[in-house]
Amino acid sequence: MARFFSLVFLVLLASFSFAESVPTAIDRLIVAKVNGAKVSKPAEDDEFLRRAYLDFAGTIPSVEQARAFFTDKSPDKRAKLIDQLLASPAYPKRMADLFHVMLMERLGDFPEWSTYLKTCFEKNTHWDAMARDILRASSTDAKGASFFLSKRLENYGQNPVDYSALTRDIGRLFLGKNLQCAECHDHLFIKDYKQQDFKGIHAFVQNTYLVDAKTAAVAEKPTTTKLDYMSVFKKVPKQTGPSLPGGKEFEPPPLKKGEEYIVKPDPKTKIPGQLKFSPLAILAEELPKKDNTDFALNGGNRIWFLLMGRGIVHPLDLHHKENPASHPELLALLAKEFATHDFDIKWLFKEIALSQAYQRSSEFPSGETKVAPESFRTAIEKRLSAEQLLAAMQQAMGVKADAAVLTKVNKAFANAPREPEDEVNPSLKAALFLLNDPAVLAWHVPKGGNLVERLGKLTDDKIAEELYLSVLTRLPATDERGLIEGYLKKNVGEREKAIGRLAWSLLASAEFGVNH
Amino acid sequence: MLRSNLCTPADHHLSRRQWFGTAAGAAFTVAAPSFAQTVKKKHKQVLFVWLDGGMSQLESWDPKPNTQFGGPFRTIQTSVPGIHVSELCPKSAKVMHHLALVRSLCTQDNSHSAGVERIQRGDPKNRGVTYPFFGGAVSKLLGNGDSGLPPYIWIKPMSGGFIPKDGGFLGPKYGALALGDGKPPENLLRPATMSVAEDLERNDLRNLVDKRYAERRSKENIEATKYVFDMAAQLQKRRDLFEAPFAPKDQERYGTHDLGRHMLLARRMLEAGVTFVKVNSYGWDTHGDNFNGQGSLVPQFDQAFAAMIEDLHERGMLDNVLVIAMSEFGRTPRINGHIGRDHWPEAWSLVTAGTGIQKGVVVGKTNDKGTFVASEEHDIGHMFHTWFKALGIDPKATEYDNEGQPLPIAHDGCKAVKELLL
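Draft legend 1. Examining the overall build of chain A more closely. Counting its secondary structure elements, chain A contains 24 helices and 8 strands. Overall size of chain A, expressed as C-alpha extent along the three principal axes, is 85 × 70 × 45 Å. Out of the 516 residues belonging to chain A, those deemed buried represent 57%. Partitioning the contacts of chain A with sequence separation of at least 6, the portion at a separation of at least 24 is 67%. Taken as a whole, chain A presents about 22200 Å² of accessible surface, with 58% of it coming from carbon and sulfur. Side-chain charges of chain A comprise 70 positive and 67 negative groups, with the mean position of each set lying 2 Å from the other.

Rendered as structure tokens:
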């Protein structure tokens, strides 16, 4: 018996030292760099619950869900909640919105693209497979995935198609490298970014074109020669075939006119045909490979950012030696594990969400007034997308918004096209929407079982709790209860309106407006 | 830190900076701190009138009567001996002693889509970043004064809203608040169903919630939130800017057409202290029937513009307001088969006036037929240098600061036009 126990002990020891779990490793690597400083206390159940709901379900929990979680005494309730949220039908919808905003940066919408993304997260399609679909941009397989390219191949007015922006976006979003400033010469400040890197990616997409914006159909003209380029400084003519930064160059075969296709394109049906040498097919195949470290690092870093509010390399698209990771070992670990798990996004989400770092409070450690975000000692406030905000507002106020309101919320809270939504960013137009929009004001009038009507039926002493749980997913503190009761007493003659104003003050608050 | 005139490494990063340019986000402040204080002594403002599509220089500031391409209109004398303008500008002619004409513009773009943007951005050298429009740049460089109002208001026909694009890499804070057909954008004003007291009360409650939330958290988010709600409240206090009627006499002087109404509203915004007011007029692209087209548009402009100059002068505001009226290019001297004039960036004109600008002068000249510049040519970069100087901003010494990477505020291959400056 004793021998058995010691064996178990040995096995356990071995598994700890040789197969440390990812959440444990995350916390070890973060704490290793705090240099004696304190980390914030763990988030209370309320803050954790709200955060996890917003991250994985794209909305806040209902009062019942919150109460049930708070009263649950099981020690593994947080892990169970994460599992439950990752398995819920809200997860694919939330991820479709999240990846849409990240990949399209508000350039436009396309229903089949949204469906494609949603289906991916329903089936838990891995990130490498998604990247393959998106970059392959086939008109027949993975319908809708081609929108990433097709939208960027549209041209506006008299302006030509912006191939430079397409090249840049592939580098930024899939490889974590913004090569924009290496288009005309080697990057002047970033030694790692060479003109060859930009041109190599450019050579993959230079012959792509938009067949039909309505169907997001993309095709390629044959590529039979290398891409010519020269530095504006050095004026030495150079050439490159399609290649990834630091990777192999794919030489276009010198095919004669008429011999470029296996299946010729059909101009009548607009079916693009099948090329013998298709740079897009090579790009789709080569870029998401496990041995492409850029792809794995970028993937790990972006998934981390989505949950933690800041990249380990930050900005997200400036991976290079002079912009080092805040936690290089951690990033290496995330990239390696992500690749080892075949780029399973859901798996990585869960590992990060189980860490203490994810589950920390957003309040600074006591006595501190400023914490460097890259230390991850305190949870970072994350921006809520227009989609998250609208869902959370409906949940909080007990109302249903129509498509017109969705449009308004998008206008008020979304960034302009090509502006990544990666920071909390209060704006005048958002404030004006909250202050004066008729739809928002209508939510604060008792009607059809909405929050304000529900509150109106409660006695004054019960209102604060229901209100705070509904809107801020937490119980009011004693002073807040006092404030609410006092305010209601003062405004006894216009109780409904007073309740409406109280609800508005929480809905329009900074606390509601971020994922803290 | 390396220094270069070309790209910046974090160009994309710039454009999405937390737009509260202070505290930790101080990455994008103006390089010379003392200068903001210098300018603050007397808040400078700008009126920028944009005649979209291309005003014909031959039917306005640089007429060539009785020449091959001169067209049917005559010239008239102005209040400044020796300076003549088209007979379509009789009212401006009377205030010419306040104005400066530039007849030597030679710019790069002859398409609208490229020209509108390049001209309004001052056509800086390509540095891999999207430069702000003039309004965004001036908002950044001069701030919003003490008015509490947004620094950049754009009065235009058709739709309005928040136009982040004009902020370029400085970020959406320096974009325009556009008043479509002079009306406030959606939700700018509190609905009539809510009283002032109620509005104040709900915001007091909100401030309490925010204060409590921020006690143990980063202040930046709360400060930015406070800033935007304060600005919303300030706009609300100044409902009169949007709602008060104009005196019938003023309406008559400025004209009841779009440009007249919008210019009158612009006067009110300048009086309220808005830093940069842009007024747009559309429909100047007279490829066909140029002489009726410009023949009806130029007098509308003339009426509204001259009334504005008179009023600014009367109020002593020309001392601190810089006035500019221009297009993305001029129009071809050659008259096409549709009796129209096409796009002509080679030789065209603009008018400028007000703070820092010479009064009653003409700079540059075109050849006899008006086809090319016959003096030193001036690109838009020269004009940006000139205007920044006129506003008290040294365009050589002042730079945007991108986390240590300096970006010039104007094309560094150009310099100010001395003859225009006081």
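Draft legend 2. Focus on the domain arrangement of chain B. All names here are of chain B. By domain assignment, chain B separates into domain 1 (11-187 + 246-420) and domain 2 (190-238). The centre of domain 1, based on its C-alpha atoms, is set 35 Å off from the matching centre of domain 2. In this complex, domain 1 contributes 13 residues to the contact, which on the side of domain 2 involves 9 residues. Here domain 1 packs against domain 2, burying approximately 1000 Å² in sum over the two surfaces, 69% of which is carbon and sulfur. The interface formed by domain 1 and domain 2 holds 0 salt bridges in total. Counting every contact that joins domain 1 to domain 2 gives 1 residue pair in polar contact (both at pLDDT 80 or more). Considered class by class, the residues forming the side of domain 1 that touches domain 2 number 8 nonpolar, 4 polar and 1 charged.

Draft legend 3. The arrangement of the interface of chain A and chain B in detail. Across the contact, 63 residues belong to chain A and 58 residues belong to chain B. Carbon and sulfur atoms supply 58% of the area that chain A and chain B bury against each other, a total of about 5300 Å² over both sides. Sorting the residues of chain A by area buried against chain B places F189, P426 and L428 of chain A first, and these three jointly supply 13% of that buried surface. Our count for the chain A to chain B interface comes out at 9 salt bridges. Counting across the chain A and chain B interface gives 14 residue pairs in polar contact (both at pLDDT 80 or more). Residue assignment for the side of chain A that touches chain B shows that the elements contributing at least two residues are α17 (403-413), α18 (428-436), α19 (438-443), α22 (478-490), α23 (495-507) and α24 (510-513) of chain A.

Draft legend 4. Layout of the domain arrangement of chain A. Residue and element names in this part refer to chain A. By the assigned domains, chain A splits into domain 1 (93-286) and domain 2 (383-515). Facing the 10 residues of domain 1 at the interface are 13 residues of domain 2. Our enumeration of links across domain 1 and domain 2 arrives at 3 salt bridges. The closest approach of N and O atoms between D169 and R418, which form a salt bridge, is 3.0 Å. Counting across the domain 1 and domain 2 interface gives 5 residue pairs in polar contact (both at pLDDT 80 or more). Of all elements in the fold, only α6 (90-104) and α10 (163-175) reach the threshold of two or more residues within the side of domain 1 that touches domain 2. At 4 residues, α10 tops the list of elements feeding residues into the side of domain 1 that touches domain 2. Looking at the side of domain 1 that touches domain 2 residue by residue, the classes come out as 3 nonpolar, no polar and 7 charged.

Draft legend 5. Representation of the nonpolar core in the model. With 109 residues, the main nonpolar core has L467 and F512 of chain A together with L47, M269 and F301 of chain B as its most contacted residues. When residues in this core are grouped by element, the largest group, 11 residues, is from helix α11 (residues 290-314) of chain B.

Draft legend 6. Geometry of a positive patch on the surface. Among the surface-exposed residues, K389, K396, K415 and K418 of chain B lie close enough to one another that they form a single positively charged patch. As for its placement among the helices and strands, K396 of chain B is situated in the loop between α12 (380-390) and β14 (399-402).

Draft legend 7. Geometry of the confidence of the model for chain B. The pLDDT averaged across chain B works out to 88; a share of 89% of its residues lies at or above 70. Here residues 1-40 of chain B scores under 50 on pLDDT; set against residues more than four positions off or in separate chains, the count is 108 contacts.

Draft legend 8. Main features of the sheet that holds strand β1 (residues 45-51) of chain B. Residues and elements named next belong to chain B. Pairing is mixed in the open sheet, where 9 strands are placed in the order β6-β7-β5-β8-β1-β9-β12-β4-β13. Whereas interior strands pair on both sides, the edge strands pair on one side only; in this sheet they are β6 (161-163) and β13 (361-363). With strand direction ignored, the average angle separating the axes of adjacent strands in the sheet is 20°. Bridge count for β1 against strand β8 (residues 276-281) is 6 bridges, and the pairing is parallel. Opposite V46, over in β8, you have F276 as the bridge partner. Each of β1, β5 (152-156), β7 (176-180), β8 and β9 (321-326) is contacted by helix α10 (residues 258-271), which is oriented at about 180° to β8, the strand it contacts most.

Draft legend 9. Fine view of the pattern of salt bridges. Residues and elements named next belong to chain B. A full pass over the atoms with the stated rule returns 77 salt bridges over all chains. D412 is paired through a salt bridge with K125; the nearest N and O atoms lie 3.7 Å apart. Of this pair, D412 sits in the segment after β15 (405-408) while K125 is found in the loop between α4 (112-120) and α5 (134-142), placing the two residues 287 residues apart along the sequence. Taking relative accessible area as the criterion, D412 reaches 28% and is therefore assigned partly exposed. We classify K125 as partly exposed; its relative accessible area is 37%.

Draft legend 10. Layout of the packing of helix α2 (residues 22-31) of chain A against helix α14 (residues 328-340) of chain A. Residue and element names in this part refer to chain A. Two elements in contact, α2 and α14, have axes whose closest approach is 9 Å; the angle formed by their N-to-C orientations is 165°. In terms of orientation, α2 and α14 fall into the roughly antiparallel class. Here the hand of the crossing between α2 and α14 comes out left-handed. For the pair α2 and α14, contact is made by V22, A25, I26, L29 and I30 and by E329, L330, L333, L334 and E337, respectively. Class assignment for the residues of the contact of α2 with α14 results in 8 nonpolar, no polar and 2 charged.

Draft legend 11. Broad picture of the environment of K143 of chain A. Residue and element names in this part refer to chain A. As for its position among the elements, K143 is in the loop between α8 (127-136) and α9 (147-152). Its relative accessible area of 51% is what places K143 among the exposed residues. Sequence separation between K143 and E465 is 322 residues; the distance between their C-alpha atoms is 47 Å.

Draft legend 12. Seen up close, the environment of W443 of chain A. All names here are of chain A. Its location among the elements puts W443 in helix α19. When its relative accessible area of 6% is taken as the criterion, W443 is described as buried. Every residue in contact with W443, bar those within four places of it in the chain, is listed here: L390, M393, M397, V399, A401, V405, N450, V452 and L507.

Conventions used here
Here the residue numbers are simple positions, counted from 1 along each chain's written sequence. All chains are assigned letters beginning with A, and all ligands numbers beginning with 1, in the order in which they are written. This being a predicted model, a pLDDT of at least 70 is required before a residue's local features are given, and a value of 80 or more before pairs of side-chain atoms are given or counted; all residues contribute to the totals for chains, interfaces and linings. To obtain the side-chain values, all non-hydrogen atoms of the structure were included, while hydrogens and water were left out. Under the scheme used here, helices are H or I runs from DSSP no shorter than 4 residues and strands are E runs no shorter than 2 residues, and both carry numbers assigned from the N terminus. Each residue is placed in one exposure class: buried if its accessible area under a 1.4 Å probe, protein chains only, is under 20% of its type's maximum, exposed if it is over 50%, and partly exposed if it falls in between. Whether two residues are in contact is decided by their heavy atoms, any of which lying within 4.5 Å being enough. Note on areas: Shrake-Rupley with a 1.4 Å probe; residue coverage comes only from the protein chains shown. In this tally, Lys and Arg are treated as positive and Asp and Glu as negative; His is ignored, and so are the chain termini. Positions of charges follow a simple convention, taking NZ of Lys, CZ of Arg, CG of Asp or CD of Glu. The domain limits used here are those given by an automatic or database domain assignment. Throughout, buried area stands for the accessible area (probe radius 1.4 Å) lost by two parts on being put together, summed over both. A carboxyl oxygen of Asp or Glu within 4 Å of a side-chain nitrogen of Lys or Arg is what we treat as a salt bridge. In protein, a polar contact means a hydrogen-donor-capable atom and an acceptor-capable atom, both N or O and within 3.5 Å, with residues adjacent in sequence counting only if both atoms are side-chain atoms; elsewhere, any N or O pair within 3.5 Å suffices. When residue character is reported, Ala, Val, Leu, Ile, Met, Phe, Trp, Tyr, Cys and Pro are called nonpolar, Asp, Glu, Lys and Arg charged, and the others, Gly included, polar. What makes a nonpolar core is a set of buried Ala, Val, Leu, Ile, Met, Phe, Trp, Tyr and Cys residues whose side-chain atoms join them at distances within 4.5 Å. Here the term patch refers to residues with relative accessible area over 30% and no salt bridge, with like charges joined within 9 Å and nonpolar side chains (Val, Leu, Ile, Met, Phe, Trp, Tyr) within 5 Å. By definition, pLDDT measures how confident the predictor is in each residue, and it falls between 0 and 100. Paired strands, in this sense, are two strands between which DSSP finds at least two bridges. Orientation is described by axes fitted as lines to C-alpha atoms, over the contacting stretch for helices, and by angles from 0 to 180 degrees between their N-to-C directions. Roughly parallel here means an angle under 35 degrees, roughly antiparallel means over 145, roughly perpendicular means 65 to 115, and every remaining angle is called oblique. Working rule for handedness: look at the near helix, and if it is turned counterclockwise from the far one by less than a right angle, call the crossing left-handed; if clockwise, right-handed.

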